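A closer look at the structure
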Amino acid sequence: MRTGTGDAAARPAVAAGHSQAQGWDSQLRELAAFLGREDLCEQWIERFERKAAQAKELVAPVVGEDTCMVLRLSGKEFHAYCNRGIGELLYGELGLRPAYPYPGVIYNEPIALEEVQRLNPQRLLLVICPDAATRLHWLSLQHSEGWRSLKAVHTGHIFLLLSDPWFEYSAVALDRMMDEAVLMFTGICPSPEQDKVHGCHTAYPL
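So, here is what we can say about the structure in this document. (Residues numbered from 1 in each chain as written. Predicted model: local features only at pLDDT ≥ 70, side-chain atom pairs only at ≥ 80, totals over all residues. Heavy atoms only, no water.)

Here's the deal with the overall build of the chain
Note the following rule: Only runs of H or I of at least four residues qualify as helices and only runs of E of at least two qualify as strands under DSSP, and these elements are numbered from the N terminus. Burial here depends on accessible area, computed with a 1.4 Å probe over protein chains only, as a share of the maximum for the residue type. Under 20% is buried, over 50% is exposed, and the range in between is partly exposed. Contacts are assigned to residue pairs with any non-hydrogen atoms lying within 4.5 Å of each other. Each accessible area value is a Shrake-Rupley result obtained with a 1.4 Å probe; residue values ignore everything except the protein chains displayed when judging cover.
When helices and strands are counted, the chain shows 10 helices and 8 strands. Residues classed as buried in the chain amount to 37% of the 206 residues present. Taking the contacts inside the chain whose residues are at least 6 apart along the sequence as the reference set, 69% of them involve residues at least 24 apart. A total accessible area of about 11,900 Å² is found for the chain, and carbon and sulfur atoms account for 54% of it.

As structure tokens, this is what we get:
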């Protein structure tokens, strides 16, 4: 019986965990090299770069010079929050202005509502932890004067983020995050891609 070695045996093994220093594109290229799909990988990356440029063109005139902030609510505590994917997408690809003056790219810093009021971002993205205590506080918070005084709340420029895909870091996650960001900021829903081949969505060819 054949053991199915063939070409696969000659390919280098993919490390069980990617280096934290690797960008999503390096991760994708490593996987593509293992699968022998380098050409499709480069096509996907080129498509992503074009899509990112188009997304920035759509978002820029709507958001303008508005500042943006991501808040994570856990229990009764707020955290100014940014993970690698959020930082690369919002403040990198889309060129948004961060309201929170933190020297690093990744942070999860406790912050009081009074400080959020002082920063007063025009665009507010929220991550609400799913436990019961946090949800009860969130429902109560929405009735408080301090919360309702925020510019983003007053203008309706407040958006909820889900852990999937916003807590992920991969090529596919950033692609999905970009679609959601364009929809949140502009109201424009990305057109579904008509690129199915034998039941496989070719937007994610690997």
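Past the structure itself, the notes keep going.
Topic: the packing of aromatic side chains
Applicable threshold: Centres within 6.5 Å make a pair out of two Phe, Tyr or Trp rings, where for Trp the six-membered ring is used; the pair is then stacked when the planes are under 30 degrees apart, edge-to-face when over 60, and tilted otherwise.
On inspection of all chains with the given rule, the structure shows 8 aromatic pairs. Look at Tyr-102 and Tyr-107: their rings are 4.9 Å apart centre to centre, the planes differ by 45°, and that puts the pair in the tilted class. Relative accessible area serves as the criterion here: at 31%, Tyr-102 is assigned to the partly exposed category. Put simply, the rings of Phe-78, Trp-138 and Trp-147 pair up and form one aromatic cluster.

Looking at the packing of helix 2 (residues 24-35) against helix 3 (residues 38-63)
The axes of two packed helices give the description: the angle between them and the distance between them. Selection rule: Axes, fitted as lines to C-alpha atoms, cover a helix only where it is in contact. Angles between the N-to-C directions of the axes lie from 0 to 180 degrees. Each angle receives one of four descriptions, namely roughly parallel if under 35 degrees, roughly antiparallel if over 145, roughly perpendicular if within 65 to 115, and oblique otherwise. Two helices that cross are described as forming a left-handed crossing if the nearer one is turned anticlockwise from the farther one by less than a right angle, and a right-handed crossing if clockwise. Residue type decides the class: Asp, Glu, Lys and Arg count as charged, Ala, Val, Leu, Ile, Met, Phe, Trp, Tyr, Cys and Pro as nonpolar, and the leftover types, Gly among them, as polar.
At a minimum axis distance of 8 Å, the contact between helix 2 and helix 3 shows a crossing angle of 160°. Judged by the inter-axis angle, helix 2 sits roughly antiparallel to helix 3. Crossing of helix 2 against helix 3: the hand is right-handed. Each of Trp-24, Asp-25, Leu-28, Arg-29, Ala-32 and Ala-33 in helix 2 lies in contact with helix 3, whose residues at this interface are Glu-38, Cys-41, Glu-42, Trp-44, Ile-45 and Phe-48. For the contact of helix 2 with helix 3, the residue count by class is 8 nonpolar, no polar and 4 charged.

Some details on helix 10 (residues 171-186)
Put simply, the rule reads: To estimate the expected span of a helix, count its residues, drop one, and scale the result by 1.5 Å.
Here helix 10 spans 23 Å end to end across 16 residues, near enough to the 22 Å set by a 1.5 Å rise per residue. Residues Ala-171, Ala-173, Leu-174, Asp-175, Met-177, Met-178, Ala-181, Val-182, Met-184 and Phe-185 constitute the buried set of helix 10.

Considering the nonpolar core
Where a protein is soluble and globular, its nonpolar side chains tend to be buried together. Counted only if it meets this: What makes a nonpolar core is a set of buried Ala, Val, Leu, Ile, Met, Phe, Trp, Tyr and Cys residues whose side-chain atoms join them at distances within 4.5 Å.
In this structure, Leu-90, Trp-147 and Phe-185 are the most contacted members of the largest nonpolar core, which totals 54 residues. The residues contacting Trp-147, other than those within four sequence positions of it, are Leu-71, Phe-78, Leu-113, Leu-124, Leu-126, Trp-138, Leu-141, Gln-142, Val-153 and Ile-158.

Here we look at the packing of helix 3 against helix 10
Contact geometry for helix 3 and helix 10: axes closest at 10 Å, N-to-C directions at 20°. If you check the angle between helix 3 and helix 10, you find them roughly parallel. The two elements helix 3 and helix 10 meet at a crossing, and its hand is left-handed. Of the residues in helix 10, those in contact with Trp-44, Arg-47, Phe-48, Lys-51, Ala-52, Ala-55, Leu-58, Val-59, Val-62 and Val-63 of helix 3 are Ala-171, Val-172, Leu-174, Asp-175, Met-178, Asp-179, Val-182, Phe-185 and Thr-186. Tallied by class, residues from the contact of helix 3 with helix 10 come to 14 nonpolar, 1 polar and 4 charged.

Overview of the pattern of salt bridges
As a reminder of what qualifies: In the sections that follow, a salt bridge refers to a side-chain nitrogen of Lys or Arg positioned within 4 Å of a carboxyl oxygen of Asp or Glu.
A full pass over the atoms with the stated rule returns 9 salt bridges. In this structure, the salt-bridge partner of Asp-66 is Arg-123, at a minimum N-O distance of 3.1 Å. One end of the pair, Asp-66, is in the loop between helix 3 and strand 1 (67-74); the other, Arg-123, is in strand 5 (residues 123-128), with 57 residues separating them in the sequence. Comparing Asp-66 with Arg-123, the two get one shared label, buried.

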